[in-house]
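Chain and residue survey
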Amino acid sequence: AEMKAYTQKIPGTATKFRMAPIPAGEVLMGSPASEANRNKDEGPQVRVKISPFWMGIHEVTWDEYDVWSFSLDIQRRKLAKIKPTPLDKFADAVTRPTKPYADMTFGMGHNGFPAICMTQLAAKMYCRWLSKKTGHFYRLPTEAEWEYACRAGTTTAYHFGNTPAKLKDHAWYFDNSDEAYHKVGLKKPNPWGLYDMHGNVSEWVLDAYAANHYARFAGKNNLKPLDLLYRSKKLYPRTVRGGSWDDDPEELRSVNRIFSSQDWKMQDPQLPQSIWYHTDAVFVGFRIIRPLQVPPEALRRKYGLDAPPGVKNNKD
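Since the structure is predicted, the reported quantities are computational estimates derived from the model, not experimental observations. (Residues numbered from 1 in each chain as written. Predicted model: local features only at pLDDT ≥ 70, side-chain atom pairs only at ≥ 80, totals over all residues. Heavy atoms only, no water.)

With respect to the pairing of strand S1 (residues 6-9)
What you see with S1 is a clean split: Tyr-6 and Gln-8 sit on the buried side and Thr-7 and Lys-9 on the side with no burial. For S1 and strand S2 (residues 16-22), the ladder comprises four bridges, and the chain directions are antiparallel. Within S2, the position partnered with Tyr-6 by the bridge is Met-19. The turn joining S1 and S2, which pair antiparallel and follow one another in sequence, is formed by six residues; a positive phi near 80 degrees is taken by Gly-12. (Buried < 20%, exposed > 50% of the residue type's maximum accessible area, 1.4 Å probe, protein only. Helix = DSSP H or I, 4+ residues; strand = E, 2+ residues; numbered from the N terminus. Pairing = 2+ DSSP bridges.)

So, in structure tokens, the structure goes:
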């Protein structure tokens, strides 16, 4: 009863984004052995109980991301001679990226298009800044929460069925993308009103990646997303979901797991390489969630739900 769709305005700007309510329920993570194009890292299947949350109806766009990354909110206040609010002061203290050394849109489009090429750390820091800025707790979804939201109550390979015959109506992928991402929200949404869960850009989740991760939970009951959350001190690999404009249909399945690698920084000219940018990950963005029940700070720290309060080196 508490949860309704809402529009969030980023304070001090004209930029807005919409959040959709995702009800509590269960998800059988991973794929059955019978699913076509199944990968070994999608099993064994694990049942996870999900608490309610809101999720962005589309991927975070450049319009939203640039407010943080280029300090547009601070610049606007200075030009208008507006004093910062208490929330502004908290948000201003969050570390922001160094200026990019290339056009990170790579000519594919800016206004209304998904932000890309950020590291998982950058996506987490954006969430931290947005939380301070709005007074609401935003974060990346866990892998379990992402799959639950993508499936939207379905058990098929895609949220519209088991074959990719209708994929063109729901997603931008290799066959129809003309080798570029597209504005968010142009295809049909899933049953819970989420756009581009399949395709357009792959999306960061909180988890690191391990191919045999699900096997560690075989036979266990009453699992929750944080039980399944895989953490690692290693920079690679980390997990993204959903597939992208550059992927084939099987890679857009609800269960498909994609992981980062050092190849995502091949063109990065800096030494050490940037903690903020994956220069070659022109297919990776992210989407945010807001849990109904905000976990206590100690739990957020334990599971790394918040980005670190400050960044002083090149380690995530």
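Having seen it, we continue.
Thoughts on the environment of Phe-70
Looking at the secondary structure, you find Phe-70 in the loop between helix H1 (62-69) and helix H2 (72-80). Given the relative accessible area of 35%, Phe-70 is considered partly exposed. Sequence-wise, Phe-70 and His-110 are 40 residues apart; in three dimensions their C-alpha atoms are separated by 14 Å. Excluding its chain neighbours within four sequence positions, the residues that come into contact with Phe-70 are Gln-75 and Pro-100. (Contact = heavy atoms within 4.5 Å.)

Focus on H2
Within H2, burial applies to Asp-73, Ile-74 and Arg-77. Down the axis, H2 shows its buried residues gathered within 100 degrees of arc, on one side only. Exposed residues on H2 whose side chains face more than 90 degrees from its buried face are Lys-78 and Leu-79. Those residues of H2 that are buried are in contact with H1, helix H3 (86-92) and helix H4 (120-134). Following H2 by one or two positions, Lys-81 has its phi on the positive side, about 55 degrees. (Arc of directions from axis to C-beta.)

Focus on the sheet that holds strand S10 (residues 289-291)
Taken in spatial order, the four strands make up an open sheet running S1-S2-S5-S10, and their pairing is antiparallel. Sheet topology places S1 and S10 at the edges, where each strand pairs with a single neighbour. Averaged over all pairs of adjacent strands, the angle between strand axes in this sheet comes to 30 degrees, irrespective of strand direction. Bridge count for S2 against strand S5 (residues 53-56) is four bridges, and the pairing is antiparallel. What sits directly across from Ile-22, in S5, is Phe-53. (Axes fitted to C-alpha atoms, helices over the stretch in contact; angles between N-to-C directions.)

A word on the nonpolar core
Counting 55 residues, the largest nonpolar core has Tyr-65, Trp-68, Tyr-126, Trp-129, Trp-204, Phe-286 and Ile-288 as its most contacted members. Those elements that place two or more of their residues in this core are S2, H1, H4, strand S6 (202-208) and strand S9 (284-286). Looking at which element gives the most residues to this core, the answer is H4, with eight residues. Met-29, Ile-57, Trp-146 and Cys-150 belong to the second-largest nonpolar core, a separate cluster that totals 23 residues. (Core = buried A, V, L, I, M, F, W, Y, C linked by side-chain atoms within 4.5 Å.)

As for the packing of aromatic side chains
Applying the stated criterion to the full structure yields 17 aromatic pairs. With a centroid separation of 5.7 Å and an interplanar angle of 35 degrees, the aromatic rings of Tyr-65 and Tyr-126 are classed as tilted. Residue Tyr-65 is found in helix H1, and its partner Tyr-126 is found in helix H4; the two are separated by 61 residues along the sequence. On the basis of relative accessible area, Tyr-126 is assigned to the buried category, the value being 0%. The interplanar angle of 65 degrees and the centroid separation of 5.9 Å between the aromatic rings of Trp-68 and Trp-276 together place this pair among those described as edge-to-face. Of this pair, Trp-68 sits in helix H1 while Trp-276 sits in the loop between strand S8 (257-259) and S9; the two residues are 208 residues apart in sequence, bridging distant segments of the chain. Comparing Trp-68 with Trp-276, the two get one shared label, buried. Put simply, the rings of Trp-62, Tyr-65, Trp-68, Tyr-126, Trp-129, Trp-276 and Phe-286 pair up and form one aromatic cluster. Sitting over the face of the ring of Phe-137, Arg-300 holds its NZ or CZ atom 5.1 Å from the ring centroid. (Phe/Tyr/Trp six-rings, centres within 6.5 Å; stacked < 30°, edge-to-face > 60°. Lys NZ or Arg CZ within 6 Å of the ring centre and 35° of its normal.)

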